[in-house]
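Commentary on secondary and tertiary structure
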Amino acid sequence: MKDFKGRTAVLTGAGSGFGLECARICAARGMNLVLVDVQDDALNRTVTELRPQIETQGGNLLARCVDVSEAAAMQALAEDVRNTFGAPHFVFNNAGVCVGGLVWETTPTEWAWVMGVNLMGVVHGVHYFTPMMLEAAKMDSSWNGHIVNTASMAGLLATPNMGIYNVSKHAVVALTETLYQDLKLVSDQINVSVLCPYSVSTGISANELIRPQELAGQQPTASQIIGETMLKKAVQSGKVTAVEIAQKVFDALESGQFYIYSHPHALGAVQARLEDVMLARNPSDPFSDKPELGEQLRTQLRK
Ligand SMILES: NC(=O)c1ccc[n+]([C@@H]2O[C@H](COP(=O)([O-])OP(=O)(O)OC[C@H]3O[C@@H](n4cnc5c(N)ncnc54)[C@H](O)[C@@H]3O)[C@@H](O)[C@H]2O)c1
């Protein structure tokens, strides 16, 4: 996909972080925008910032406060998009949340929340928008589109004390690799990428605002508090910015690249994991390059 002006982009998680930065690039390139987020104040800030720019260029903007984990709300969103713009050319299934902690301490309600947003949110985006895109492609051989699903390096690794997040992101990688293969069976006009960032400073470590009500009264366990502190530290010290990630997404749209990485040096750990799998070797020490981090985690968790 190289030509952006006048085309339509749907972005979930558009109120903050990668979603917001991609929306800014879409607006600068004269696209129509469909902005989606569960936090209406964050969404409204994005709308207020981008609407004048989009309208000056003759484009249009639709904003919907939607929880991506709710199938009916996503179906209604897709219908609104179809009625307003027709099939979208770019779908960025990006909204996500993060919870850490030892895997057996994660409650069923937390599993439902994180899998609902991180996995089912992507499933819904794929389910409701792909058929619309295929239909548009069938009717016009010059039409093309691109779906980008946000996973994480956590989708390629199994870092301890992050089980629920790892599971949700591994699932997004598997879903997106399958989507790539499935689409190749039926069309050459729709491409797919999976975004796998490492730690980047965004709002991801400030989930408190969007935790569902069922979790409001639930006290975090010691391992969850440790996980949250480590996550905050990791994202706050991240050197790559959300602006750079958004640029990488657009580079991938233009070049048709499937895997989008923010920190290529982190792939060493992925290689070690894949070698473990190939050699039937027990999982390698994830802290081999930073042993003090593993020691700190073990000491804290054995108190
Ligand atoms: N920042 C990182 O270090 C990092 C690393 C790897 C992957 N990711 C992934 O990147 C994606 C974007 O995260 P970010 O870092 O920009 O964080 P962010 O918190 O800045 O942005 C995420 C946005 O998603 C929205 N959101 C959360 N739950 C939602 C729901 N149920 N329905 C609709 N919107 C919802 C939030 O309100 C927020 O505006 C996520 O999927 C995250 O898991 C982030």
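Our subject in this report is the structure included herewith. (Residues numbered from 1 in each chain as written. Predicted model: local features only at pLDDT ≥ 70, side-chain atom pairs only at ≥ 80, totals over all residues. Heavy atoms only, no water.)

Turning next to the nonpolar core. Soluble globular proteins: nonpolar side chains tend toward being buried together. With 48 residues, the main nonpolar core has V34, V81 and F129 as its most contacted residues. Listed by contribution, the elements that provide at least two residues to this core are β2 (32–37), α3 (71–85), α4 (108–139), α5 (163–186) and β6 (190–196). Sort the elements by how many residues they give to this core and α4 lands first, with 13 residues. The contacts of V34, once residues within four sequence positions are left out, are T8, A9, V10, L11, L62, L77, V81 and F85. If you look at the next biggest cluster of nonpolar residues, it comprises 33 residues, including A23, A27, L195 and L253. (Core = buried A, V, L, I, M, F, W, Y, C linked by side-chain atoms within 4.5 Å. Buried < 20%, exposed > 50% of the residue type's maximum accessible area, 1.4 Å probe, protein only. Helix = DSSP H or I, 4+ residues; strand = E, 2+ residues; numbered from the N terminus. Contact = heavy atoms within 4.5 Å.)

With that settled, consider the pairing of strand β1 (residues 8–12). The buried count for β1 comes to five of five residues, which makes it a mostly enclosed element. Burial along β1 is two-sided: the residues T8, V10 and T12 and A9 and L11 are all buried. Relative to β2, β1 is paired through five bridges, and the arrangement is parallel. Each bridged residue has a counterpart across the sheet, and for V10 the counterpart in β2 is V34. In the classification by handedness, the crossover that spans β1, the intervening helix α1 (residues 17–28) and the parallel β2 is right-handed. With three bridges joining them, β1 and strand β4 (residues 90–93) adopt parallel strand pairing. Paired with V10 across the bridge in β4 is V91. (Pairing = 2+ DSSP bridges. Right-handed = clockwise from strand over helix to strand, strands pointing away.)

What is shown is where atoms sit, not what they do.
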